[in-house]
Amino acid sequence: MPTELKPVQIPMSQRIRERIVKTKTRYHANDNIAQFIEPGELNELLSEVEGKLREVLKSLVIDTESDHNTQDTGRRVAKMFINEVFKGRYVPMPAVTEFPNASHLNELMIIGPITVRSACSHHLCPIMGKVWIGVMPNEHSNLIGLSKYARIAEWIMSRPQIQEEAVVQLADALQEKMQPDGLAVVMEADHFCMHWRGVKDVDAKMINSVMHGSFLKDPNLRREFLSLIKR
């Protein structure tokens, strides 16, 4: 009697990766891959990550069977990665209501500080900081609600990355969404890859900025924005 062959279960991560590679799309740590994930697949990916994390704990010689504190650590960390701290990779941009600039506003707008949380892609250590956004709209700009700046910032920051690239991504996303005459983003953050390990310098921060349009061309506007943000 012939032996019945069981179908080989291809891991969820491999199926998603094959879709990405087929389209020759980049999938770096700070890239969004939501378009390649079908409904219901995130739960399957989460279970796969849970299994891999259990193996990591086993390789660290941690007894996850009799230690009640770590019995569910693999599951908890997998949920944290996919549903929280790295969710900006796996979900589409949040819905953003746009409305026309009916009043033809053309004065400097400043939003912030917005609290942001990210993770260093080198060590997966937290990056905790604040973001300030300056907008110089024109009559054709699409305006968005105040809370939407925070939602977009969270979506961009919830990925493993370096701060320099995160600020550029946030500025590009807002520029594309609003089409203002000028856009400025400043971020100041603590990096726990420095606080917690390595040099263990608890006071060091990183501050960087991205300027588009009139903020780049007009030094007076740039100075006004930088003087008004409260760091």
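Residues numbered from 1 in each chain as written. Predicted model: local features only at pLDDT ≥ 70, side-chain atom pairs only at ≥ 80, totals over all residues. Heavy atoms only, no water.

(A) Local environment of the confidence of the model for the protein. Looking at the protein, pLDDT values average 92 and 94% of them are 70 or higher. Ranking the elements of the protein by mean pLDDT puts strand S1 (residues 98–100) last with 69 and helix H1 (residues 12–22) first with 98. (pLDDT = per-residue confidence, 0-100. Helix = DSSP H or I, 4+ residues; strand = E, 2+ residues; numbered from the N terminus.)

(B) Representation of the packing of aromatic side chains in the model. Under the counting rule described, the total for this entry stands at 2 aromatic pairs. A centroid spacing of 4.8 Å and a plane angle of 10 degrees characterise the contact between Phe 81 and Phe 86, whose relative ring orientation is stacked. On the basis of relative accessibility, which here comes to 8%, the residue Phe 86 falls in the buried class. Measuring from centroid to centroid gives 5.6 Å for Phe 215 and Phe 225, while their planes differ by 75 degrees, and the two rings are edge-to-face. Highlighted residues: Phe 215 in helix H7 (residues 214–217) and Phe 225 in helix H8 (residues 219–228), separated in sequence by 10 residues. Accessibility classification places Phe 215 together with Phe 225 in one group, the buried group. Positioned above the aromatic ring of Trp 155 is the side chain of Arg 159, whose terminal nitrogen or guanidinium carbon lies 4.5 Å from the ring centre. (Phe/Tyr/Trp six-rings, centres within 6.5 Å; stacked < 30°, edge-to-face > 60°. Buried < 20%, exposed > 50% of the residue type's maximum accessible area, 1.4 Å probe, protein only. Lys NZ or Arg CZ within 6 Å of the ring centre and 35° of its normal.)

(C) Seen up close, the nonpolar core. Counting residues in each nonpolar core, the largest one holds 30 residues, and the members touching the most others are Val 131, Ile 133, Tyr 149, Ile 152, Leu 170, Leu 174 and Met 187. Mapped by element, the contributors of at least two residues to this core are strand S2 (109–120), strand S3 (126–136), helix H4 (146–157), helix H5 (163–178) and strand S6 (182–191). Setting aside residues no more than four positions away along its own chain, Val 131 makes contact with Ile 111, Gly 112, Pro 113, Ile 114, Val 116, Met 157, Leu 170, Val 185, Val 186 and Met 187. In this structure, Met 12, Leu 53, Ala 78 and Ile 82 belong to the second largest nonpolar core, which totals 16 residues. (Core = buried A, V, L, I, M, F, W, Y, C linked by side-chain atoms within 4.5 Å. Contact = heavy atoms within 4.5 Å.)

(D) Summary view of the sheet that holds S3. Overall, mixed pairing links the 5 strands, which are arranged S5-S2-S3-S6-S7 in an open sheet. Strand pairing shows two members of the sheet lacking a second neighbour, strand S5 (160–161) and strand S7 (205–213), which therefore form its edges. As defined by bridge partners, S2 adjoins S5 across 2 bridges and the pair is classed as parallel. Counted as the bridge partner of Cys 120 is Gln 161 from S5. (Pairing = 2+ DSSP bridges.)

(E) Up close: the layout of surface pockets. Its volume calculated, the largest pocket comes out at about 460 Å³. Lining the largest pocket are 18 residues, and of these Ser 13, Arg 17, Leu 45, Arg 89 and Tyr 90 lie nearest its centre. For the lining of the largest pocket, the secondary structure elements donating two or more residues are H1, helix H2 (41–59) and helix H3 (73–85). Grouping the amino acids of the lining of the largest pocket by side-chain chemistry returns 13 nonpolar, 1 polar and 4 charged. (1 Å grid on protein atoms, 1.4 Å probe; cavity = no way out; pocket = protein on both sides within 12 Å on 5 of 7 lines; lining within 4 Å. Points joined across faces, edges and corners; volume = space filled by probe spheres on them. Nonpolar A, V, L, I, M, F, W, Y, C, P; charged D, E, K, R; others polar.)

(F) Main features of the environment of Gln 161. Topologically, Gln 161 is positioned in strand S5. Among the residues examined, Gln 161 registers a relative accessible area of 1% and is labelled buried. Sequence separation between Gln 161 and Ser 66 is 95 residues, and the spatial gap between their C-alpha atoms is 35 Å. At 3.2 Å, the side chain of Gln 161 forms a polar contact with the backbone oxygen of Ile 156. (Polar contact = N/O pair within 3.5 Å; in protein donor to acceptor, adjacent residues only side chain to side chain.)

(G) Main features of the packing of H2 against H3. H3 packs onto H2 with a crossing angle of 130 degrees between their chain directions and a minimal axis gap of 8 Å. As the angle between them shows, H2 and H3 are arranged oblique. Note that H2 runs across H3; the crossing there is right-handed. For the pair formed by H2 and H3, the contact residues are Leu 42, Leu 45, Leu 46, Ser 47, Val 49, Glu 50, Leu 53, Arg 54 and Leu 57 on the first element and Thr 73, Gly 74, Arg 75, Val 77, Ala 78, Lys 79, Ile 82 and Asn 83 on the second. For the contact of H2 with H3, the per-class residue count stands at 9 nonpolar, 4 polar and 4 charged. (Axes fitted to C-alpha atoms, helices over the stretch in contact; angles between N-to-C directions. Parallel < 35°, antiparallel > 145°, perpendicular 65-115°, else oblique. Left-handed = near helix turned anticlockwise from the far one by under 90°.)

(H) Here's a closer look at the environment of Ala 171. Along the polypeptide, Ala 171 turns up in helix H5. Under the relative-accessibility criterion, Ala 171 is labelled buried at 1%. In this structure the C-alpha to C-alpha distance between Ala 171 and Ala 153, which are 18 residues apart in sequence, comes to 9.4 Å. Those residues within four positions of Ala 171 in sequence are excluded, and the remaining contacts are Leu 183, Val 185, Val 210 and His 212.

(I) Spatial organisation of the pattern of salt bridges. Taken as a whole, this structure holds 10 salt bridges when the rule is applied. In this structure, Lys 87 engages Glu 154 in a salt bridge whose closest nitrogen and oxygen atoms are separated by 3.5 Å. Residue Lys 87 is found in the loop between H3 and S1, and its partner Glu 154 is found in helix H4; the two are separated by 67 residues along the sequence. Residue classification places Lys 87 among the partly exposed positions, given a relative accessible area of 27%. Using a relative accessible area of 40% as the deciding quantity, one classes Glu 154 as partly exposed. (Salt bridge = Lys/Arg side-chain N within 4 Å of Asp/Glu carboxyl O.)

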